[in-house]
Amino acid sequence: MTLVDERKHASGQRPGWANEMAAMLDAYQQAGGDPGALQLPEVATLVVSANDVLVAHEIPGVHFEAEPLEHGVKARISVEPGVKIERPVHLCFGVIPAEGVQEIIADYEIGDGAEVQFLAHCSFPNAIHVKHHMQASIHVGKNASLTYTEEHYHGQTGGVEVLPRAEVSVEDGGRFLTTFSLTRGRVGRLALDYVVDASAGALVEMTTKAYGTGDDQISVTEVVRLNGENARGLTKTRVAVRDTAISQVYTSMEGNSPGARGHMDCTEIVRDEAEARNTPIVIVRDDQAQVTHEAAIGTVNRKELESLLARGLSEDEAVDLIIRGLIQ
Amino acid sequence: MSEPLLQVEGLSLKRNGCEILHQVNLSIHPGQVHALLGLNGSGKSSLAYAIMGCEGYTPDSGRVLFDGQEMIGLSITERARLGITLAWQEPARFDGIPVGKYVGLGMTQPDREKVTAALEAVALPAKYYGYRAADRTLSGGERKRVELASVYAMQPRLAILDEPDSGIDILTLGDIAMLVRRMAVEGTAVLLITHRDEIVDTADVASLMCAGSVLFTGSPIEARRYFTTRCIPHVESLGIQPWDKTDPEVQAALASNGIERIGDREG
């Protein structure tokens, strides 16, 4: 069984589909994905190359509606209320050529009481000048659970501009857990911007990891508003920058209701001529809410470094290992 | 007797204007376990860092010869690649680095079986610990055992073990002692910094440090006796009680030096 045989192009087979699909699968693998998982009939899969929906494979309880735009795709992804999806839903976005623009407008609807994991891989392996803009609207229903893991691979040239933006609302008792990783290859320019509103008893956990080298630019903006009673939020940011890369992390957590608990945790490692900035904003509007933050920005811990040197690693090897450990 | 693998000659070191090592002389032979005893702050760890080449511990004078080659001026990496390594008293924590990977770092050819054997030598089952991160989720004792396992897996020519026994439960002390002996049998020279009798007993030779100087070198029993009879009375006079006087050997040493009244005073 192959994808070519079993998975039809969303708008019907067309010449060149197989080649493009093969290229996307290679890119998917480079981004850390497992192409084999895309071939399993029980796994819901959406594969988008530039503005072409190559695969939209639904399973019971998971639905895709996708339509091409001039430079991308507009997609609605929904999970029916009450269903628990056993295997992660795989999303694969990418641009294979060296130049191009991909705009994804995505609307995620997770029904009340549903449980689902998404594994999204975004790959731009040959990028010289590629723009990838993602505008997502995510709604997590009452007592629903969404785990969204997104991994990027941008090739080695730094010629990618990625702007993931998401507006997320988590209803009462819902869970929204997300991890964004851009730790392999060059970053290029990343401007991540997420805003999350959490209702009563909701849980929000956001982890962001990025490793900038060369003249990469990393900007992370995360705003979590704990609006409901006993809502809980955690942002965890791990960024490393080397050479002349620049990172700017802006996190804001609001405790707006009784019992709301939030914490922001940011660690950044700086080497060479790189620069890292962190701006945590804590806002509390209720005397029974609590929000805390901790941030550590600096070079590699000397003791950690010497421990690895004492095993025979060079300084470069040791620093790289420490950074990769931090952002894994 | 073979030529010394490590020779420290007249080593002196100042930090922040204070002399923390003064004319230190020490020799360790291949396959020998050399215990280094002394009170807290006597310079044991500083000597270890100076031998390893850690930042801020470059000697002001003296020599560190390893297999006849001068080490001063070489980086930590260069010294490690010649066969010297160090297990820190308080090992660093590493986010995201699995224990198994950390243990295998110093091996010339990383080998899963050897990593497993090294972990089991410190009573850490590889199937439970191999994929855990060597981070803050490990207890202090577990992290120290991981550190020892990584030194053992490296098969260095000289292992400097800085208090491998502190924070280790009593049941595991025997494993640590056995591992130290096993390393020696397999050809590794061990410089063993310790306060524990059970661990001192694994040594072939022991030196006693005080105020940055090596006061005495001899058999472990002699060194402990020297410590008991010369150092303890001095410390007792300062009102500090670092040694277990319920130990029959300590009591005997105290008695033979006419200081049994110290025990009486406690009662």
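These notes cover the structure that comes with them. (Residues numbered from 1 in each chain as written. Chains lettered and ligands numbered in written order. Predicted model: local features only at pLDDT ≥ 70, side-chain atom pairs only at ≥ 80, totals over all residues. Heavy atoms only, no water.)

### Points about the pattern of salt bridges
Phase 1: Per the stated rule, a full pass over the model turns up 26 salt bridges over all chains.
Phase 2: The shortest N-O distance in the salt bridge between R165 of chain A and D193 of chain A comes to 3.6 Å. Remark: D193 of chain A occurs in strand 12 (residues 189-198) and R165 of chain A occurs in strand 10 (residues 160-170); sequence separation between them is 28 residues.
Phase 3: Owing to a relative accessible area of 34%, R165 of chain A belongs among the partly exposed residues under this scheme.
Phase 4: Relative accessible area serves as the criterion here: at 25%, D193 of chain A is assigned to the partly exposed category.
Phase 5: Here D95 of chain B ties to R136 of chain B by a salt bridge, and the two come within 3.7 Å at their closest N and O atoms. You can see D95 of chain B sitting in the loop between strand 6 (84-87) and helix 3 (99-104) and its partner R136 of chain B sitting in the loop between helix 5 (126-129) and helix 6 (140-154), a full 41 residues away along the chain.
Phase 6: Assessed through its relative accessible area of 30%, D95 of chain B is described here as partly exposed.
Phase 7: Judged by relative accessible area, which is 66%, R136 of chain B ranks as exposed.
Phase 8: In the salt-bridge network here, residues are joined through shared partners; they are R186, D215 and D216 of chain A. (Salt bridge = Lys/Arg side-chain N within 4 Å of Asp/Glu carboxyl O. Helix = DSSP H or I, 4+ residues; strand = E, 2+ residues; numbered from the N terminus. Buried < 20%, exposed > 50% of the residue type's maximum accessible area, 1.4 Å probe, protein only.)

### Comments concerning the packing of helix 4 (residues 112-121) of chain B against helix 6 of chain B
All names here are of chain B.
Phase 1: The geometry of helix 4 relative to helix 6 is characterised by a closest axis approach of 8 Å and an angle of 135 degrees between their N-to-C directions. As judged from the angle between their axes, helix 4 and helix 6 are oblique. The two elements helix 4 and helix 6 meet at a crossing, and its hand is right-handed. Along its contact with helix 4, which presents A118, L119 and A121, the element helix 6 presents A149, Y152 and A153. (Axes fitted to C-alpha atoms, helices over the stretch in contact; angles between N-to-C directions. Parallel < 35°, antiparallel > 145°, perpendicular 65-115°, else oblique. Left-handed = near helix turned anticlockwise from the far one by under 90°. Contact = heavy atoms within 4.5 Å.)

### Thoughts on the packing of aromatic side chains
Phase 1: One pass over the structure, following the stated rule, counts six aromatic pairs over all chains.
Phase 2: Ring centres of F118 of chain A and Y148 of chain A lie 5.9 Å apart, and the angle between their planes is 35 degrees; on these two criteria the pair is classed as tilted. Of the two residues, F118 of chain A sits in strand 7 (residues 115-123) while Y148 of chain A sits in strand 9 (residues 145-153), which places them 30 residues apart along the sequence. We note that F118 of chain A, like Y148 of chain A, is buried.
Phase 3: Through pairs of rings, three or more aromatic residues link up here, namely Y108, F118 and Y148 of chain A.
Phase 4: The side chain of R15 of chain B reaches across the aromatic face of Y57 of chain B, ending 4.2 Å from its centre. (Phe/Tyr/Trp six-rings, centres within 6.5 Å; stacked < 30°, edge-to-face > 60°. Lys NZ or Arg CZ within 6 Å of the ring centre and 35° of its normal.)

### A short note on unusual backbone geometry
All names here are of chain A.
Phase 1: With a phi close to 55 degrees, D243 is a non-glycine residue in the positive phi region.
Phase 2: With respect to the helices and strands, D243 occurs in the loop between strand 15 (232-241) and strand 16 (246-255).
Phase 3: For D243, a relative accessible area of 34% translates into the label partly exposed.
Phase 4: Positive phi is not limited to glycine here, since D272 has a value of about 55 degrees.
Phase 5: Among the secondary structure elements, D272 is positioned in the loop between strand 17 (261-270) and strand 18 (275-284).

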